[in-house]
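# Structural description and commentary
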Amino acid sequence: MPLFLYWSSLMTTALESLLKTPLNDLHVSLGARMVPFAGYSMPVQYPAGLMFEHKHTRTAAGLFDVSHMGQLRLVGPDAGAALESLIPVDVIDLPVGKQRYGLLLNDEGGIIDDLMFVNRGSDIFVIVNGACKAGDIAHIQAKIGSRCQVIPMPERALLALQGPLAVAALSRLAPGVEKLVFMTGGNFTIQAGDQRIDVFLTRSGYTGEDGFEISVLDSQAQALAQALLAQPEVKPIGLGARNSLRLEAGLPLYGNDIDTTTTPVEASLQWAMQKVRRAGGARAGGFPGATKILAQLAGGTGAAARKRVGLLALERIPVREHIELQDLNGQHIGEVTSGLLGPTIDQPIAMGYVPTALATLGTRINAIVRGKPVPMEVVAMPFVPTNYFRG
């Protein structure tokens, strides 16, 4: 057998052994290139290509299948306080209909996963990363399962509609969604042909653009996707453009930019910790790793030794993850965790961890690409301004 046929056969076998989302057949019919991701067969791009998909999402509306992600409900009068014991975020005071970003921590203050949660009144709806969902659900069940019901929702798919024209497309099918603002959500009925589809959606996403994340029953996911793709603004978008969009938005990817070895302060995510959970707040501490994290926030002898920063290459040479970072004296200081040529700004951008002393905006360092130093500058994130709708 020729080598290329052998590898093609291996890839086919590998893809066949993966889990499939409810939209798998639709992706294939649209000509998607499918790849393994988080245990699923997922579309990395469609025939128009990554660059088109990225720019279309920035200017119109892109539809993403994110059904590999985990969805669960926390139910019971103590659910808010129970979840708050696991994350350094204000859950108890979150109003009904509001969404927040959270960080699930281990006892050393490392990040087990990042997540989104919504107070729906009758429950707390939680979305976790696909590659982490089994471990996350087991962890949450073990830690707070005696305080509230932890109910996984494997029967539901998740779609994301992102871009400046997402609201125009979705509001035709679900009038009223235009009244939502960033990080709010609610129950809606979407008209998809002759079907009326009940969904729960939030005005949020992972691209830096306005948009929505839509939870829907598996059995209705394809009808919903087809109704959205029938709108003139909407095109299907794969994992490749999802990655480039989130990096331009300065958003970390779990497993690349954050993991169990990084704390929220090291990851420059302390903005997600409300005052009520910090030193001097009404419910300060009380989360895993609190002593370490609060000391890092206070600075001084307990300050974080390193920080996640944005990096802009000063030469037109893409800088990928795992590339070494050095100071100007040639000393190793860290590595790139995510990097690519940003399609919107047409410049090489990256994230990485550097010593806190070198995390100041404007600091120059070098990335070592194929043995040669590429000058980089520490810059503010996001690399591309966000367009969230705040009313």
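Relevant structure appears above.
A brief report on the enclosed structure follows. (Residues numbered from 1 in each chain as written. Predicted model: local features only at pLDDT ≥ 70, side-chain atom pairs only at ≥ 80, totals over all residues. Heavy atoms only, no water.)

### Topic: empty space enclosed by the protein
Remark: the empty space left among the atoms is shown by a probe the size of a water molecule rolled over them. Under the criterion given, the structure shown has three cavities of 30 Å³ or more. Approximately 70 Å³ is the volume found for the largest cavity. Surrounding the largest cavity, Leu23, Leu26, His27, Leu30, Tyr46, Leu63, Phe64, Asp65, Leu159, Ala225, Leu229 and Pro236 form its lining. Going through the elements one at a time, helix H2 (24-29), strand E4 (61-65) and helix H7 (218-229) are the ones with two or more residues in the lining of the largest cavity. When residues in the lining of the largest cavity are grouped by element, the largest group, three residues, is from E4. Here the residues of the lining of the largest cavity are counted per class, giving ten nonpolar, one polar and one charged. Looking at the second largest cavity, its volume works out to about 40 Å³. Around the second largest cavity, the lining residues are Met42, Pro43, Phe64, Asp65, Val66, Ile237, Gly238, Leu239 and Arg242. (1 Å grid on protein atoms, 1.4 Å probe; cavity = no way out; pocket = protein on both sides within 12 Å on 5 of 7 lines; lining within 4 Å. Points joined across faces, edges and corners; volume = space filled by probe spheres on them. Helix = DSSP H or I, 4+ residues; strand = E, 2+ residues; numbered from the N terminus. Nonpolar A, V, L, I, M, F, W, Y, C, P; charged D, E, K, R; others polar.)

### Brief notes about the layout of surface pockets
Roughly 1400 Å³ of volume is contained in the largest pocket. Tyr101, Asp114, Tyr206, Leu251 and Pro252 are, among the 50 residues lining the largest pocket, the residues nearest its centre. Among the elements of the structure, strand E6 (99-105), strand E7 (111-119), strand E8 (124-128), helix H8 (239-248) and strand E17 (332-342) are those that each provide at least two residues to the lining of the largest pocket. Considering every element that reaches the lining of the largest pocket, the biggest residue donor is H8, with five residues. By volume, the second largest pocket amounts to about 270 Å³.

### A look at the packing of aromatic side chains
Any pair of aromatic rings gets described here by the distance separating the centres and the angle formed by the planes. Applying the stated criterion to the full structure yields three aromatic pairs. Both rings, one in Phe125 and one in Phe200, keep their centres 5.5 Å apart while their planes meet at 80 degrees; by these two values the pair is edge-to-face. A residue pair is termed long-range when its members are at least 10 positions apart, and Phe125 in strand E8 and Phe200 in strand E12 (residues 195-202) qualify at 75 residues. On the numbers, 4.0 Å between centres and 10 degrees between planes, the contact of Phe182 with Tyr388 is stacked. Of this pair, Phe182 sits in the loop between helix H6 (166-173) and strand E11 (185-192) while Tyr388 sits in the segment after strand E20 (372-379), and the two are 206 residues apart along the sequence. Cation over ring: Arg120 sits above Phe200, and NZ or CZ is 4.7 Å from the ring centre. Stacked on the ring of Tyr353, the Lys or Arg Arg306 has its end atom at 4.6 Å from the ring centre. (Phe/Tyr/Trp six-rings, centres within 6.5 Å; stacked < 30°, edge-to-face > 60°. Lys NZ or Arg CZ within 6 Å of the ring centre and 35° of its normal.)

### Section: H8
The α-helix advances 3.6 residues per turn, and as a result positions three or four apart in sequence lie on the same side. With nine of ten residues buried, H8 lies mostly within the body of the structure. On its buried face, H8 sits against strand E2 (33-37), strand E3 (40-45), helix H3 (50-59), E4, E17 and strand E18 (347-355). (Buried < 20%, exposed > 50% of the residue type's maximum accessible area, 1.4 Å probe, protein only. Contact = heavy atoms within 4.5 Å.)

### Thoughts on the sheet that holds strand E16 (residues 324-326)
In space, the six strands of this closed barrel follow the order E15-E18-E17-E16-E19-E20, with antiparallel pairing throughout. Sheet twist, expressed as the mean angle between neighbouring strand axes with direction ignored, is 40 degrees. For E16 and strand E19 (residues 364-369), the ladder comprises two bridges, and the chain directions are antiparallel. Bridging across to E19, Gln326 finds its partner in Asn366. Sheet strands touched by H8: E17 and E18. Its angle to E17, the strand with the most contacts, is close to 120 degrees. (Pairing = 2+ DSSP bridges. Axes fitted to C-alpha atoms, helices over the stretch in contact; angles between N-to-C directions.)

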